[in-house]
Amino acid sequence: LSFTAMRQEKTTSAKKTIMAVFAHPDDEAVTNVSALLARYAREGHIVYLVIATKGELGTNKHAAIPAGDSLAKVRAGEAACACTSLGIKPPILLGLDDGSLAKGFTQEPVHKKIDSVFKKYQPDIIITWGPDGGYGHMDHRTVHTTVTDLFQSGDMPAKTQLFYTGMPTSMVKHWTENKTGKNWMYNHWNMVADKYLTTKIKCSKEDMNKAVTALYCHWSQFKKEDMEETSRWMSNTNDTVYLRPFIPAAKISYDLLP
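Residues numbered from 1 in each chain as written. Predicted model: local features only at pLDDT ≥ 70, side-chain atom pairs only at ≥ 80, totals over all residues. Heavy atoms only, no water.

Undergrad: Break down the packing of helix 3 (residues 34-42) against helix 10 (residues 205-215) for me, with residues and values.
TA: At a closest axis distance of 8 Å, the pairing of helix 3 and helix 10 adopts a crossing angle of 125°. Comparing their axes, helix 10 and helix 3 come out oblique. Considering only the axes of helix 3 and helix 10, their crossing is right-handed. Touching Ser34, Ala35, Ala38, Arg39 and Arg42 of helix 3 are Glu206, Asp207, Met208, Lys210 and Ala211, all from helix 10. The residue makeup of the contact of helix 3 with helix 10, split by class, is 4 nonpolar, 1 polar and 5 charged. (Axes fitted to C-alpha atoms, helices over the stretch in contact; angles between N-to-C directions. Helix = DSSP H or I, 4+ residues; strand = E, 2+ residues; numbered from the N terminus. Parallel < 35°, antiparallel > 145°, perpendicular 65-115°, else oblique. Left-handed = near helix turned anticlockwise from the far one by under 90°. Contact = heavy atoms within 4.5 Å. Nonpolar A, V, L, I, M, F, W, Y, C, P; charged D, E, K, R; others polar.)

Undergrad: Explain the pairing of strand 2 (residues 46-53) to me, and be specific about the residues and the numbers.
TA: Across the 8 residues of strand 2, 7 count as buried, placing the element largely inside the fold. Taken together, strand 2, helix 4 (residues 69-86) and strand 3 (residues 92-96) form a β-α-β motif whose crossover is right-handed. (Buried < 20%, exposed > 50% of the residue type's maximum accessible area, 1.4 Å probe, protein only. Right-handed = clockwise from strand over helix to strand, strands pointing away.)

Undergrad: Can you lay out the state of the cysteines for me, pointing to particular residues and giving the numbers?
TA: This model, assessed by the stated rule, comprises 1 disulfide. A sulfur-sulfur separation of 2.0 Å characterises the disulfide bridge that pairs cysteine 81 with cysteine 217. Residues cysteine 81 and cysteine 217 are joined through a disulfide that is left-handed, its torsion about the S-S bond being -60°. Of the two residues, cysteine 81 is situated in helix 4 and cysteine 217 in the loop between helix 10 and helix 11 (224-235); the sequence distance between them amounts to 136 residues. You can see cysteine 83 has no disulfide; the closest cysteine sulfur is in cysteine 217, sitting 9.0 Å from it. Between cysteine 203, a cysteine without a disulfide, and cysteine 83, which holds the nearest cysteine sulfur, the sulfur-to-sulfur distance is 16 Å. According to the relative accessible area criterion, cysteine 203 is buried, its value standing at 5%. (Disulfide = S-S within 2.5 Å.)

Undergrad: Describe the pattern of salt bridges, naming the residues involved and giving the relevant values.
TA: Tallied over the full model, the rule gives 10 salt bridges. For glutamate 206, the salt bridge goes to lysine 210, with nearest N and O atoms at 3.4 Å. A residue pair is termed a helical-turn pair when its members lie 3 or 4 positions apart in one helix, as glutamate 206 and lysine 210 do in helix 10 at 4 residues. The exposure class assigned to lysine 210 is partly exposed, which follows from its relative accessible area of 23%. (Salt bridge = Lys/Arg side-chain N within 4 Å of Asp/Glu carboxyl O.)

Undergrad: Describe the packing of helix 5 (residues 108-121) against helix 7 (residues 138-152), with residues and values.
TA: The angle between the axes and the distance between the axes are what describe a pair of packed helices. Relative to each other, helix 5 and helix 7 sit at 55°, their axes nearing to 10 Å. Comparing the axis directions of helix 5 and helix 7 gives the class oblique. Relative to helix 7, helix 5 is oriented so that their crossing is right-handed. Facing helix 5, whose interface residues are Val110, His111, Ile114, Asp115 and Phe118, helix 7 presents Thr142, Thr146, Val147 and Leu150.

Undergrad: Account for the layout of surface pockets, with residues named and values stated.
TA: Approximately 340 Å³ is the volume attributed to the largest pocket. Around the largest pocket sit 19 residues that line it, and Asp26, Asn60, Tyr135, Met185 and Gln221 are the ones nearest its centre. When its residues are assigned to classes, the lining of the largest pocket shows 4 nonpolar, 8 polar and 7 charged. The calculated volume of the second largest pocket comes to roughly 200 Å³. Residue assignment for the lining of the second largest pocket shows that the elements contributing at least two residues are helix 7 and strand 5 (161-165). In terms of residue class, the lining of the second largest pocket is made up of 10 nonpolar, 4 polar and no charged. (1 Å grid on protein atoms, 1.4 Å probe; cavity = no way out; pocket = protein on both sides within 12 Å on 5 of 7 lines; lining within 4 Å. Points joined across faces, edges and corners; volume = space filled by probe spheres on them.)

Okay, structure coming up:
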């Protein structure tokens with residue numbers, strides 16, 4: 001009995017809280033992070049998806065939904081659908097206005113919202129947009145800088161780790177040079193040199209299938225052919241999610257020159 005109790009305690013204490021923080025519903029899909037979230041949820045960890053904006057400006061002709069509250073409601077439902085498909089916790093929706101995150105001198109609204117989430121949930125691992133913002137979207141880049149500001153402030157627990165998403169240069173070049181797809185987004189994706197993406201998370205076929213299923217939840221954002229292309233983009237990574245760790249220098253240096 002004692003041995004069983006010890007094993008149960010060890011398993012419980014080993015669980016981590018993993019939190020992906022993005023700007024819009026569907027960002028987790030286009031960054032290829034979905035499969036990673038599915039994997040760690042399947043392994044028993046607590047996984048959250050935080051979405052900063054309502055995404056109410058992401059109109060598309062095929063969906064025929066006007067910008068505003070109607071689209072915001074649909075996209076909230078899509079986010080919930082995606083989280084269910086991935087087997088993670090329901091989405092944490094911060095409810096900020098789409099396209100607004102970079103407005104103002106300090107980005108105080110998004111800073112306060114994300115800070116409150118970090119303080120409440122105390123994540124062990126945070127994943128967010130890299131400085132590239134994928135294809136440079138200012139909401140993406142603002143989420144990146146906000147999360148980084150909070151992380152590097154020193155107010156977060158020492159255990160916390162931060163990772164940035166990124167698409168390896170080798171894969172993006174292969175995609176664009178071979179004209180693999182027609183979607184504007186992927187053909188304008190900002191590449192990250194392979195040497196910087198040093199965290200490579202292998203996901204199972206089950207995880208990848210969950211990621212594709214979750215992608216199809218975002219029907220207001222993707223036409224059928226776009227869904228198919230995004231699925232190919234996801235499978236182009238060889239079932240691997242690539243991340244760039246935020247790692248401060250291990251020792252103090254007093255010179256820029258080696």
